[in-house]
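# Observations on chain architecture
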Amino acid sequence: MSAELLERKITPLANRRKRSGKEQFWLIFRYASLTFIWFLIVMPIYVLVVNSLKGVKDVYLVNAFDLPKSLDFSAWPTAWSGGDYFSAFSLGESMLRTLFFVLQSSIISAIIGSINGYVFAKWKFPGSNVVFTLFLFGMFIPYQAVMIPLVQFVTNLGVNKTIYVLVMAHVIYGIPICTLIFRNYYASIPDELIEAGLVDKASRIRIYRSIILPLSLPAFVVVLIWQFTSAWNDFLFAIFLTGGSPKLSVATTALNFITGSSNQVFYGLNMTASLIVSLPTLIVYIFLGRYFLRGLLSGSLKG
Amino acid sequence: MALQTNRRFSTWIGGFLLVVPSIAAVAVFVYGMIAWTVRISMTDRISASIKEPKFVGLQNYSNLISDSRFTHAFENLLKFTFVFIVGTTIAGFIMALLLEKGIKGEGFFRSFYLYPLAISFIAMGTVWNWLLNSNVDADAGGLNLLLQKAGLGFLQNSWYLSENGAAYALALPAIWQMAGYVLALFLAGFRGIPDDLREAARVDGASESKIYRYVLFPQLTPTLFTVLIILGHVSMKVFDLIIGINGKSYVTQVVAVYMWESTFDQRNYAKGTAIAVVLLLLIALIIVPYLRWVIKQEEENR
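Residues numbered from 1 in each chain as written. Chains lettered and ligands numbered in written order. Predicted model: local features only at pLDDT ≥ 70, side-chain atom pairs only at ≥ 80, totals over all residues.

### With respect to the overall build of chain A
Under the convention used in this document: Numbering of helices and strands runs from the N terminus, with a helix taken as a DSSP run of H or I at least four residues long and a strand as a DSSP run of E at least two residues long. Three exposure classes are used. Buried residues have 20 or more other C-beta atoms within 10 Å of their own C-beta, exposed residues have 12 or fewer, and partly exposed residues fall in between, all C-beta atoms being placed from the backbone. Distance between backbone-placed C-beta atoms decides contact: two residues are in contact if it is within 7 Å.
Regarding its fold elements, chain A presents 14 helices and zero strands. Dimensions along the principal axes, computed over C-alpha positions, put chain A at roughly 75 × 75 × 30 Å. By residue count, 51% of the 303 residues in chain A fall in the buried class. Long-range pairs, those at least 24 residues apart, make up 74% of the contacts in chain A with a sequence separation of at least 6.

### Notes on the overall build of chain B
As a reminder, the rule being used: Put simply, the radius of gyration uses C-alpha atoms, and a globule should come to 2.2 Å times the residue count raised to 0.38.
A count of helices and strands for chain B gives 14 helices and zero strands. Along chain B, from the amino end to the carboxyl end, the secondary structure elements read α-α-α-α-α-α-α-α-α-α-α-α-α-α. Since a compact globule built from 302 residues should have a radius of gyration of about 19 Å, the 24 Å found for chain B marks it as more spread out than a globular shape. Within chain B, the fraction of its 302 residues that count as buried is 46%. Considering only residue pairs separated by 6 or more positions, chain B has 67% of its internal contacts joining residues 24 or more positions apart.

### So, the packing of helix 7 (residues 144–157) of chain A against helix 1 (residues 9–40) of chain B
What counts is decided by this rule: Axis angles are defined between N-to-C directions and span 0 to 180 degrees, where every axis is a line fitted to C-alpha atoms and, for a helix, only to the segment in contact. Working rule for angles: under 35 degrees goes down as roughly parallel, over 145 as roughly antiparallel, 65 to 115 as roughly perpendicular, anything else as oblique. In this classification, Asp, Glu, Lys and Arg are treated as charged, Ala, Val, Leu, Ile, Met, Phe, Trp, Tyr, Cys and Pro as nonpolar, and every other residue, Gly included, as polar.
The interhelical angle for the contact between helix 7 of chain A and helix 1 of chain B, taken along N-to-C directions, is 85 degrees, at an axis separation of 8 Å. Accordingly, the angle class assigned to the pair helix 7 of chain A and helix 1 of chain B is roughly perpendicular. In this structure, helix 7 of chain A uses Ala145(A), Val146(A), Ile148(A), Pro149(A) and Leu150(A) to contact helix 1 of chain B, whose residues at the interface are Phe29(B), Val30(B), Met33(B), Ile34(B), Trp36(B), Thr37(B) and Ile40(B). Across the contact of helix 7 of chain A with helix 1 of chain B, the residue classes break down as 11 nonpolar, one polar and no charged.

### Considering the interface of chain A and chain B
Every contact between the two is made by 81 residues of chain A and, on the other side, 80 residues of chain B. Examining the composition of the side of chain A that touches chain B, we find that 14 residues originate from one element, helix 14 (residues 267–298) of chain A, more than from any other.

### Quick notes on the domain arrangement of chain A
All names here are of chain A. Inclusion rule: As used throughout, domain bounds are those supplied by an automatic or database domain assignment.
Each assigned domain of chain A is listed with its residue range as follows: domain 1 (20–81) and domain 2 (91–298). Here the C-alpha centroids of domain 1 and domain 2 sit 31 Å apart. In this assembly, 15 residues from domain 1 lie in contact with 12 residues from domain 2. Mapped onto the side of domain 1 that touches domain 2, the elements with two or more residues apiece are helix 3 (21–51) and helix 4 (75–81). A per-element tally of the side of domain 1 that touches domain 2 places helix 4 first, with six residues. Along the lines of polarity and charge, the residues of the side of domain 1 that touches domain 2 split into eight nonpolar, five polar and two charged.

### Here's the deal with the environment of Asp191(A)
All names here are of chain A. Along the chain, Asp191 falls in helix 9 (residues 191–199). Taking the number of C-beta atoms within 10 Å as the measure of exposure, Asp191 has 15 and is therefore partly exposed. Residues Asp191 and Ala121, spaced 70 residues apart in sequence, show a C-alpha to C-alpha distance of 9.7 Å.

### Structural notes on the packing of helix 7 of chain A against helix 14 (residues 269–301) of chain B
When two helices pack together, their arrangement is given by the angle between the helix axes and the distance between those axes. Contact geometry for helix 7 of chain A and helix 14 of chain B: axes closest at 7 Å, N-to-C directions at 145 degrees. Each of Gln144(A), Ala145(A), Met147(A) and Ile148(A) in helix 7 of chain A lies in contact with helix 14 of chain B, whose residues at this interface are Tyr269(B), Gly272(B), Thr273(B), Ala276(B), Val277(B), Leu279(B) and Leu280(B). For the contact of helix 7 of chain A with helix 14 of chain B, the per-class residue count stands at eight nonpolar, three polar and no charged.

### Overview of helix 14 of chain B
Quick note on the threshold: Between the first and last residue of a helix there are one fewer steps than residues, each counted as 1.5 Å, and that sum is the expected span. The term bend refers to the angle at a residue between two fitted axes, each drawn through seven residues, those ending there and those starting there.
With 33 residues, helix 14 of chain B extends 46 Å from end C-alpha to end C-alpha; this agrees with the ideal 48 Å at 1.5 Å per step. The largest bend along helix 14 of chain B measures about 35 degrees and falls at Ala284(B).

### Here we look at the nonpolar core
We apply this condition: To define a nonpolar core, we join buried Ala, Val, Leu, Ile, Met, Phe, Trp, Tyr and Cys residues through C-beta atoms within 7 Å and take the resulting set.
Counting 188 residues, the largest nonpolar core has Leu166(A), Val223(A), Leu170(B), Ala184(B), Val255(B), Ile275(B) and Leu279(B) as the members making the most contacts within it. Here the element with the most residues in this core is helix 8 (residues 164–187) of chain A; it accounts for 16 residues. Each of domain 1 (20–81) and domain 2 (91–298) of chain A gives at least three residues to this core. Not counting residues within four places of it along the chain, the set of residues in contact with Ile275(B) comprises Leu64(B), Phe70(B), Val255(B), Tyr258(B), Met259(B) and Ser262(B).

### Description of the environment of Ser188(A)
Residues and elements named next belong to chain A. As for its position among the elements, Ser188 is in the loop between helix 8 and helix 9. Classification of Ser188 as exposed rests on a count of 11 C-beta atoms within 10 Å. Each C-alpha atom, one on Ser188 and one on Ala121, is 9.0 Å from the other, the two residues being 67 residues apart in sequence.

### Brief notes about the confidence of the model for chain B
Our working definition: One number per residue, pLDDT, summarises how confident the predictor is, and it ranges from 0 to 100.
In this model, chain B carries an average pLDDT of 90, and 98% of its residues clear a pLDDT of 70 or more. Model confidence for the complex is summarised by a pTM of 0.91, with the ipTM given as 0.91.

### A short note on the environment of Tyr291(A)
Residue and element names in this part refer to chain A. Mapped onto the fold, Tyr291 is located in helix 14. Of the residues examined, Tyr291 has 21 C-beta atoms within 10 Å and is grouped as buried. The spatial distance from the C-alpha of Tyr291 to the C-alpha of Val223 is 8.5 Å, given a sequence separation of 68 residues. Excluding anything up to four places from it in sequence, Tyr291 contacts Val221, Val222 and Ile225.

### Looking at unusual backbone geometry
With phi around 65 degrees, Lys201(A) is a residue other than glycine that occupies positive phi space. Here Lys201(A) is to be found in the loop between helix 9 and helix 10 (204–212). Residue class for Lys201(A) comes out exposed when judged on the 7 C-beta atoms lying within 10 Å of it. If you check the backbone angles, Arg267(B) has positive phi at about 55 degrees while not being a glycine. You can see Arg267(B) is positioned in the loop between helix 13 (255–264) and helix 14.

So, in structure tokens, the structure goes:
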């Protein structure tokens with residue numbers, strides 16, 4: 001699996017013997033380039049962080065790269081509660097609402113994915129490969145191609161008045177990728193393990209419970225993180241299915257409203273709000289980045 | 001083999017029943033709703049007031065061709081896609097090339113190179129909206145200021161506000177966000193090449209640059225194919241990034257944004273669905289052959 005390949009340790013050639021002058025040059029060149037790229041990649045998040053510490057007003061583009069003269073945290077509580085600046089939306093409330101629905105949709109997705117993955121890897125039925133391929137296509141479609149009927153459907157059902165509409169959307173449209181991740185993971189479990197269980201007259205369900213499930217933790221982490229991150233960052237479903245209603249705003253839609261609406265722009269607030277919205281997924285990435293990467297590579301079918 | 005598809009009904013029916021709910025969900029919500037979208041796109045439901053839409057065939061599609069706003073959005077999408085794919089592929093490839101041999105601190109660089117993938121386009125859009133400010137020279141801030149300081153003042157630009165360059169300018173943040181993905185794919189590609197190949201070439205006295213050119217790069221052709229497909233389909237769908245930076249503004253409208261505007265603001269479901277179907281076809285055109293290729297490879301490896 002490619003994700004493991006990334007972790008493969010390669011002994012640097014240069015360590016094996018004394019470096020020649022040419023090799024020395026290339027090593028320095030590589031470090032210089034890597035550092036230059038590092039600055040480019042870090043720059044936007046640096047701008048977010050320093051400008052969130054300059055207060056609400058008097059944050060200007062010409063000073064965007066300067067460090068704050070004195071630390072002013074006042075933009076943080078204001079961005080969180082909305083204060084007098086955007087009273088209709090509370091970013092804090094939207095964040096909590098997002099957390100509420102994202103946790104549910106990720107957990108449900110992981111359970112469904114695990115069951116499906118087991119069937120598609122170890123308990124195949126006639127035509128299961130074709131069905132699986134049809135699932136995979138569902139992973140790549142532009143959701144615009146289902147959006148209008150979906151909006152009509154949830155409106156008729158009345159679920160668009162609650163946040164569960166997003167739980168539903170992320171669970172259903174997450175089925176393909178979650179199934180794929182678990183199916184690939186289970187495919188790497190040797191068939192002999194299951195055959196041994198069958199010889200012992202254990203049922204397939206029993207084998208799933210007592211052999212497969214205890215081995216599944218890494219795949220669960222991958223799927224949970226993947227679903228968490230993509231649902232947290234999702235804008236398309238949120239904006240279509242909640243119709244931009246403030247009562248159902250989630251992190252991204254609230255942020256889009258805050259940064260895109262007012263006539264007078266307060267950059268200190270905007271930057272702080274963006275940083276707050278980014279923090280949950282960033283924290284997950286910092287601690288569990290390896291698993292996030294696996295989800296990402298699965299999405300290319302090369303996981 | 002007990003685990004190969006067993007034709008005996010009693011053996012497979014249990015597994016089948018477990019996935020029936022998912023099959024039903026995908027059948028209804030993916031394929032059923034695509035069919036429904038196609039159906040709406042062939043009616044005259046051009047505003048919310050039309051309660052009983054009539055069948056009009058491909059009328060909405062031919063309307064799109066003569067709709068200058070649609071062709072404008074389509075043109076923007078092509079411009080964006082071109083710069084985005086070329087830029088992201090090159091950036092990611094260079095990053096992988098710098099890291100592939102293993103270097104002290106690789107983990108550090110790699111983690112930083114990949115973090116943009118974890119952040120929403122909407123959040124980063126706020127920063128890029130600011131950094132890509134159009135002020136130049138004395139009033140400059142953001143990227144224009146950085147360019148001045150680097151002695152590249154002549155590159156200063158009005159970015160997404162420029163009339164011709166707006167779609168290209170938006171590829172910049174997209175490259176920033178997605179380059180890590182390409183890095184990961186290429187790095188995995190490099191590391192999947194058996195060491196023996198490299199060693200054998202070295203023993204034969206090939207120079208390092210020749211080894212890359214004739215031994216390693218040809219091995220990465222399938223990876224490059226994957227990268228282009230993935231970036232291509234991501235690019236076709238680009239939506240939140242554009243909204244995050246420049247909202248629905250005309251200059252930077254792409255197909256997905258125009259679909260949203262037609263559906264949401266104009267309530268023109270016939271037009272919205274027709275645009276969505278065009279988008280779906282564009283993506284299917286690249287994804288279907290890709291899926292077939294991946295599946296064929298998987299079967300060969302078995």
